[in-house]
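Descriptive analysis of the structure
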Amino acid sequence: MSELHVEPGVVDRVRAAMAATPRATFLPPVVRHLADVDRPVGIGWDATSSQPSTVARMLELLDAGPGHRVLDVGAGSGWTAAILEALGAAVTGVELVPQLVEAANANLAAHGSRSRVRQATPHVLGLPDDAPFDRILVSADLWRMPDALVAQLADGGRMVAPVAGRMTVVDVRDGQPRAREDRGRYAFVPLRE
């Protein structure tokens with residue numbers, strides 16, 4: 001399995017957006033000293049702020065930009081929503097844990113972000129009533145391909161999600177999804193429905 005190709009300009013845009021969106025702002029005060037460490041950091045309620053190098057890779061693969069409607073599933077602290085906004089996307093986050101929804105929205109407001117995180121409906125993946133989305137980012141591991149999320153992609157859309165430990169990219173063209181896996185294994189907390 002080979003590493004999926006990403007255009008150099010995308011890498012530069014993601015790096016700039018991440019530099020403009022300090023991780024520390026989105027971490028609980030007790031763990032902010034770990035913001036620059038390249039590892040997952042617990043943010044409470046069995047959730048983590050993902051490893052920055054992993055976040056960068058996911059965002060490079062997602063290739064979100066101006067004009068894209070993006071769904072951020074498992075938005076956690078709101079950090080990825082803020083980075084996606086810095087990339088020019090219109091972002092809606094969704095999170096199941098009420099305390100994380102509250103914390104994420106407080107973090108986004110403190111950062112000056114317009115993006116918000118909404119409360120997920122139990123047993124419903126994503127926001128089907130708001131679909132279609134140009135991009136979907138999933139920041140928790142799924143055990144199988146999430147057909148319910150793929151169905152929320154617009155034609156020409158893309159989803160990036162860890163599926164059974166493999167970073168998976170799904171592109172929809174002419175109504176047909178095509179899945180590819182990036183090289184390497186990833187560890188994420190499981191997505192709770």
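Residues numbered from 1 in each chain as written. Predicted model: local features only at pLDDT ≥ 70, side-chain atom pairs only at ≥ 80, totals over all residues. Heavy atoms only, no water.

1. Some details on the packing of helix 1 (residues 8-19) against helix 2 (residues 52-62)
To be explicit about the condition: Only the stretch in contact is used when fitting a helix axis, every axis being a line fitted to C-alpha atoms; angles between N-to-C directions are given from 0 to 180 degrees. Under the DSSP-based scheme used, a helix requires at least four consecutive residues in state H or I and a strand at least two consecutive residues in state E, with every element numbered from the N terminus. Working definition: roughly parallel below 35 degrees, roughly antiparallel above 145 degrees, roughly perpendicular at 65 to 115 degrees, and oblique for all remaining angles. Note on convention: near helix rotated counterclockwise from far helix by under a right angle means a left-handed crossing. Clockwise means right-handed. Whether two residues are in contact is decided by their heavy atoms, any of which lying within 4.5 Å being enough. By the convention adopted, Pro, Cys, Tyr, Trp, Phe, Met, Ile, Leu, Val and Ala count as nonpolar, Lys, Arg, Asp and Glu as charged, and the other residues, Gly among them, as polar.
For the pair helix 1 and helix 2, interaxial distance at closest approach is 9 Å and the crossing angle is 135°. When the interaxial angle is binned, helix 1 and helix 2 end up oblique. Seen from above, helix 1 lies across helix 2 with right-handed handedness. Only Pro52, Val55, Ala56, Leu59 and Glu60 of helix 2 make contact with helix 1, whose side of the interface consists of Val10, Val11, Val14 and Met18. A breakdown of the residues in the contact of helix 1 with helix 2 according to their chemical character gives eight nonpolar, no polar and one charged.

2. Things to note about the confidence of the model for the protein
Close reading of the predicted structure is inappropriate where its pLDDT is low. To be explicit about the condition: Each residue carries a pLDDT value, the predictor's own confidence for that position, ranging from 0 to 100.
Model confidence for the protein is summarised by a mean pLDDT of 91, while 94% of its residues fall at 70 or above. Per-residue pLDDT, averaged within each element of the protein, yields its smallest value for strand 2 (residues 47-49) (88) and its largest for helix 3 (residues 79-86) (98).

3. Re the pairing of strand 7 (residues 153-163)
As a reminder, the rule being used: When accessible area is computed with a 1.4 Å probe and restricted to protein chains, residues below 20% of their type maximum are described as buried, those above 50% as exposed, and intermediate ones as partly exposed. We call two strands paired when DSSP finds no fewer than two bridges between them.
Among the 11 residues that make up strand 7, nine are buried, leaving the element largely enclosed by the rest of the structure. Where strand 6 (residues 133-138) lies against strand 7, four bridges are found, and the strand directions are parallel. Paired with leucine 137 across the bridge in strand 7 is valine 160. With six bridges connecting them, strand 7 and strand 8 (residues 166-173) associate as antiparallel partners. Paired with alanine 161 across the two strands is threonine 168, which belongs to strand 8. Hairpin connection from strand 7 to strand 8: two residues lie between these consecutive antiparallel strands, with alanine 164 at a positive phi of about 55°.

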